[in-house]
Amino acid sequence: MIRTNVSLEKLNTFGLPATAAQYLALTDPAQLADPLFRRSPALVLGGGSNLLLREKVAGLTVHVLLGGVTRLNSDGQPLAAGADAGAMGKGEAGEVRLRVGAGVDWNQLVRYTLDQGWSGLENLVLIPGTVGAAPVQNIGAYGSEVAEFITAVHVWEYGYGASVLQPEACDFGYRDSRFKREPGRFLITAVDFRLNAPDYGVRIGYGAITAELERLGVAAPQPGDVALAVTNIRRSKLPDWFFLGNSGSFFKNPVVSRKVLTRLQATFPKIPAYPIDEESVKLPAGWLIDQAGLKGVRRGSVGTYARQALVMVNYGGATGQDVLRFSELVQREVLRQFGVALEREVRLF
Ligand code: FAD
Ligand code: NAP
């Protein structure tokens, strides 16, 4: 049932005031047969953790609440309709395949798989949002990205109907995918995962994970230990959106040529850079904002977070326009000081 003038304030982690002109909760794939879904809605909403909402979302907002976790066989077919994935095979060795509804909470899925003793998603713990949004920006953190574990994405293509995309067809990239590049074409209904692969070892080389494991006294880390280490690090660096509204990293890390890096190094010899390929490197946007003198800076009800400059926070009462204006100030200042353009990661509606 479509409702009108529904507040989205509690449905976006920035806590920005916005209204959906029309709102529909998608709880059953059968609803997609409605002629409504021949065209793209104005907004497909998951957990609202990567959004910058302005006052009114004109048209229809579809809130994806499709649930379900089903165990699959090695051919990707359900083992038993509606079977509880966890009831079968807790702690088993060997590959595990799952089909997960798009509306399932991402972090709950990660916790659930770790509780079963299945490895893979541990570095991606505590990322807010839904399973259906995970392929959209190919969520990643601490040296892992979700595309590594995806075997298929189930979609509804507006005007065509349901289909299944293999990973090659999703064109995954660094925090990027076809779903992001072709907005308004697909609604993701479910995602298939391959976990617990025998050749997958724990990944502890990124950032402070090793140091945190040492602090915890863990010598031979298991996936659950890595998840705990990542959880501790994230909690120490990132604001809890429940108390301080935010959408995580506001900008993407800019990718620049090695020529640009050499130019920057002449003035900023300590600039961090991570190789992407032979020609280009990734610069941490948070470092650029910090060096531009904008870490922990506040303008009215919006600011950059004191412990991670890449995160913009809503101190209470900010509107989408306030955040947008402040973010443009940050973009101008970084461009002026470094000649590097910052692109928004959050999606503007
Ligand atoms: P939403 O914000 O609701 O939507 C995001 C985009 O996906 C929109 O364009 C929306 O239309 C589209 N979308 C949503 N669901 C579907 C669907 N079913 N079908 C088609 N399109 C859909 N991201 C990372 O990559 N790594 C991190 O470590 C990370 N940490 C974060 C930490 C914090 C504190 C916060 C607030 C955010 C963080 N993020 C991170 C960003 C965010 O969590 C991810 O982008 C997440 O996948 C967004 O999921 P969501 O369900 O909230 O999507
Ligand atoms: P960080 O560890 O302080 O590092 C800053 C930036 O440098 C990160 O963006 C990261 O890029 C890059 N980096 C650091 N070590 C790297 C390495 N060994 N190899 C390649 N790149 C490296 O970052 P942070 O802000 O605390 O975030 C930690 C992780 O969580 C990152 O992976 C980050 O992407 C993720 N995260 C994402 C969001 C979001 O909203 N998208 C929000 C919070 C945290 P990468 O981002 O490419 O890893």
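Structure report, in brief. (Residues numbered from 1 in each chain as written. Chains lettered and ligands numbered in written order. Predicted model: local features only at pLDDT ≥ 70, side-chain atom pairs only at ≥ 80, totals over all residues. Heavy atoms only, no water.)

**A few points about the overall build of the chain**
Selection rule: Labels follow the DSSP assignment, with helices taken as runs of H or I lasting at least four residues and strands as runs of E lasting at least two, numbered in each case from the N terminus. Each radius of gyration is computed over the set of C-alpha atoms, and the globule rule expresses the reference value as 2.2 Å times the number of residues to the power 0.38. With a 1.4 Å probe rolled over the protein chains alone, any residue whose accessible area is under 20% of its type maximum counts as buried; one over 50% counts as exposed, and the rest are partly exposed. Every residue pair with non-hydrogen atoms within 4.5 Å of one another is taken to be in contact. Where accessible areas are quoted, they stem from the Shrake-Rupley method and a 1.4 Å probe; at the residue level, only the protein chains shown are allowed to cover.
What the chain contains, in helices and strands, is 8 helices and 20 strands. Taking 20 Å as the expected radius of gyration for a compact globule of 349 residues, we find that the chain reaches 21 Å, a close match to that expectation. Overall, the chain is about 60 × 55 × 40 Å in size when its C-alpha atoms are taken along their principal axes. Put simply, the chain has 349 residues, and 48% of those count as buried. In the chain, the share of contacts with a sequence separation of at least 24, taken over all contacts with a separation of at least 6, comes to 63%. Surface summary for the chain: the accessible area is close to 16300 Å², and the carbon and sulfur share equals 51%.

**Looking at the site of ligand 1**
The line we're drawing: The nearness test applies per residue and asks whether one of its heavy atoms lies within 4 Å of the molecule or strand. Between N or O atoms, a polar contact is any pair within 3.5 Å; within protein, one atom must be a potential hydrogen donor and the other a potential acceptor, and residues adjacent in sequence are included only when both atoms are from side chains. Note on residue classes: Ala, Val, Leu, Ile, Met, Phe, Trp, Tyr, Cys and Pro are nonpolar, Asp, Glu, Lys and Arg are charged, and everything else, Gly too, is polar.
Close to ligand 1 lie 31 residues, the nearest being Val44, Gly47, Ser49, Thr130 and Arg234. With respect to ligand 1, the backbone of Gly47 contributes an N or O atom lying 2.7 Å from an oxygen atom. Between ligand 1 and the protein, one listed contact pairs an oxygen atom with a side-chain N or O atom of Arg347 at 3.4 Å. Taken by itself ligand 1 offers 980 Å² of open surface, and the protein chains cover 93% of this. Mapped onto the shell around ligand 1, the elements with two or more residues apiece are strand S3 (43-45), strand S8 (140-141), strand S12 (186-195) and strand S13 (245-249). Of the residues contributing to the shell around ligand 1, the split by class is 14 nonpolar, 14 polar and 3 charged.

**Quick look at the site of ligand 2**
Residues in close proximity to ligand 2 total 17 residues, the closest being Tyr174, Arg175, Lys237, Lys282 and Gln308. Taking 790 Å² as the accessible area of ligand 2 by itself, protein coverage stands at 77%. Taken together, the elements giving at least two residues each to the shell around ligand 2 come down to S8, helix H5 (223-237) and S13.

**Thoughts on the side chain of Thr130**
Summarising the element assignment, Thr130 is placed in the loop between helix H1 (106-115) and S8. For Thr130, a relative accessible area of 11% gives the class buried. Each residue touching Thr130, except ones within four places of it in the same chain, is listed here: Gly46, Gly47, Ala102, Gly103, Val104 and Trp106.

**A look at the nonpolar core**
For the record, the criterion: Here, nonpolar core refers to any group of buried Ala, Val, Leu, Ile, Met, Phe, Trp, Tyr and Cys residues whose side-chain atoms link them within 4.5 Å.
Trp106, Leu109, Val131, Val146, Phe179 and Phe193 are the most contacted members of the largest nonpolar core, which has 40 residues in total. One finds Ala285, Leu288, Leu324 and Val334 within the second-largest nonpolar core, a separate group that totals 32 residues.

**Section: a nonpolar patch on the surface**
Which entries qualify depends on this criterion: Note that patches include only residues with greater than 30% relative accessible area and no salt bridge, and the join distances are 9 Å for like charges and 5 Å for nonpolar side chains (Val, Leu, Ile, Met, Phe, Trp, Tyr). One speaks of a salt bridge when a side-chain nitrogen belonging to Lys or Arg is within 4 Å of a carboxyl oxygen belonging to Asp or Glu.
On the surface, Tyr174, Val255 and Ile276 cluster together to form a nonpolar patch covering roughly 250 Å² of accessible area. Tracing the backbone shows Val255 in strand S14 (residues 255-257). You can call Val255 partly exposed: its relative accessible area is 45%.

**So, the sheet that holds strand S1 (residues 3-7)**
The condition that has to hold: Strands pair, by our definition, only if DSSP identifies at least two bridges between them. In this analysis an axis means a line fitted to C-alpha atoms, helices contributing only their contacting stretch, and an angle means the value between N-to-C directions, from 0 to 180 degrees.
Taken in spatial order, the 4 strands line up as S1-S2-S5-S3 in an open sheet, and their pairing is mixed. In the strand order of this sheet, the two ends are held by S1 and S3, each with one partner. Ignoring which end each strand starts from, the neighbouring axes of this sheet average 40° apart. Bridging between S3 and strand S5 (residues 56-64) involves 3 bridges; their strand directions are parallel. Within S5, the residue paired with Leu43 across the bridge is Thr61.

**What to know about the packing of aromatic side chains**
Rules: The rule is short: rings of Phe, Tyr and Trp, with Trp giving its six-membered ring, pair when the centres are within 6.5 Å, and they are stacked under 30 degrees, edge-to-face over 60, tilted in between.
Overall, the coordinates contain 11 aromatic pairs when judged by the stated rule. Geometrically, the ring pair formed by Tyr142 and Tyr206 is edge-to-face, given 5.3 Å between the ring centres and 65° between the ring planes. Taken together, the residues Tyr142 in the loop between S8 and strand S9 (144-145) and Tyr206 in the loop between S12 and helix H4 (209-216) connect sequence positions 64 residues apart. Accessibility expressed as a relative area gives 45% for Tyr206, which makes it partly exposed. With a centroid separation of 4.7 Å and 40° between ring planes, the pair formed by Phe268 and Phe338 is classed as tilted. Of this pair, Phe268 sits in the loop between helix H6 (258-267) and strand S15 (274-275) while Phe338 sits in helix H8 (residues 320-338), and the two are 70 residues apart along the sequence. Through successive ring pairs, a cluster of aromatic residues spans Phe14, Phe250 and Phe251.

**A few points about the environment of Leu98**
In this structure, Leu98 sits in strand S7 (residues 96-101). Residue class for Leu98 comes out buried when judged on its relative accessible area of 0%. A sequence separation of 185 residues divides Leu98 from Leu283, and the C-alpha atoms of the two residues are 35 Å apart.

**Here's the deal with the sheet that holds S12**
With antiparallel pairing, 5 strands are arranged side by side in an open sheet as S6-S7-S12-S10-S11. Two strands bound the open sheet, and with one partner strand each, they are strand S6 (69-72) and strand S11 (161-165). Here the average twist between neighbouring strands, direction ignored, is 20°. By the bridge criterion, 5 bridges tie strand S10 (residues 150-157) to S11 in an arrangement that is antiparallel. Paired with Val153 across the strands is Leu165, a residue of S11. Sitting on the sheet, H1 touches S6, S7 and S12, and the angle it makes with S12 is about 20°.

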